[in-house]
Amino acid sequence: MKDPYADFRLNLEQQKKRAKELLRAAKAGDPQARQRIISHFDSTTHPTLAATQHALARELRFANWAALKQHLAQLDQQRASMQLNDGALDADLHTMHIRCGHDIQHVLRNAGLHGDFNVQIDPYVQGPVTADADWLERRAQFICEAFGATGEL
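What comes next is a walk through the structure. These numbers come from a predicted model, not from an experiment. (Residues numbered from 1 in each chain as written. Predicted model: local features only at pLDDT ≥ 70, side-chain atom pairs only at ≥ 80, totals over all residues. Heavy atoms only, no water.)

Moving on, we get to the overall build of the chain. Counting secondary structure elements, the chain contains six helices and two strands. In the chain, which comprises 153 residues, the share counted as buried stands at 22%. Taking contacts inside the chain between residues at least 6 apart in sequence as the whole, the part at least 24 apart equals 30%. Looking at the chain as shown, the accessible area adds up to about 11000 Å², and 55% of this sits on carbon and sulfur atoms. (Helix = DSSP H or I, 4+ residues; strand = E, 2+ residues; numbered from the N terminus. Buried < 20%, exposed > 50% of the residue type's maximum accessible area, 1.4 Å probe, protein only. Contact = heavy atoms within 4.5 Å. Areas by Shrake-Rupley, 256 points an atom, 1.4 Å probe, with all protein chains shown as cover.)

Laid out in C-alpha cells, this is it:
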C-alpha cells in the first residue's frame, strides 16, 4: 500500500529538481521566479543554482541549503532505522500513547509509533478544578453543559 503522505514528504532529489526548474524559469525571464531568488539576496544577484537552492531552503524555513540537506539526511536515516524495527519506533516496548483526542493518531502511526492509543477526551484545561468528593460529577456536568450531553449523567 502506498504511503498517503509520501507526496508531501521532502526529499533531496525533489528539492534539487525544484531548484533547477526555478533557475530555468528565472533565466527565461519569469519575474516571479527571479523575485523568489533575489528576495534572499540583493537585487543585483545573478540567478545561480547555489542562489536558487538557498532561496528554496529559506522558503522551507531552513537557514540555508546545507541545513536543508542535513535535515533531509536525518529524516532518511530515521526512516531507515524505523524499517529495521519493522516500522515501529516502539516495537520492542509495550507503549500506551495517551492523547486528548484522535487528531494526531494517524500522524503518530506514520511517524513509527504503534503502541496502544488511549484517547482521553476531557478538556482538562477548562472547567472546575477541585479536590472535593464530587469532582467527577462536577467535571461531567461541565462537559455536558459546555460541549453537549450524549446521555444521562
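On to the nonpolar core. If you look at the biggest cluster of nonpolar residues, it comprises seven residues: A19, L22, A26, A33, I37, A51 and L56. Sorting the residues of this core by element identifies helix 1 (12–27), helix 2 (31–38) and helix 3 (49–59) as the ones contributing at least two each. Considering each element in turn, this core owes the most residues, three residues, to helix 1. In this structure, A33 is in contact with L22, A25 and A26, ignoring residues within four places of it in sequence. If you look at the next biggest cluster of nonpolar residues, it comprises five residues, including A57, F62, W65 and L72. (Core = buried A, V, L, I, M, F, W, Y, C linked by side-chain atoms within 4.5 Å.)

A few words now on the pattern of salt bridges. Summed over the entire model, instances satisfying the criterion amount to three salt bridges. Salt-bridge contacts for K16 lead to E13; the nearest nitrogen and oxygen are separated by 3.9 Å. Placement of both K16 and E13 in helix 1 is noted, with a separation of three residues, approximately one turn of the helix. Its relative accessible area of 32% is what places K16 among the partly exposed residues. (Salt bridge = Lys/Arg side-chain N within 4 Å of Asp/Glu carboxyl O.)

Within the element layout of this structure, Q15 appears in helix 1. Accessibility expressed as a relative area gives 1% for Q15, which makes it buried. Dropping the residues within four chain positions of it, Q15 is found in contact with L10, L56, L60, W65, L68 and L72.

Time to look at helix 2. What sets the pattern is the α-helix's 3.6 residues per turn: residues three or four places apart point alike. The set of residues buried in helix 2 consists of A33, I37 and I38. The buried residues of helix 2 occupy an angular sector of 125° when the element is viewed end-on, so they sit on one face. Exposed positions of helix 2 whose direction lies more than 90 degrees from the buried face are P31 and Q32. In the core, the buried residues of helix 2 are packed alongside helix 1 and helix 3. (Arc of directions from axis to C-beta.)

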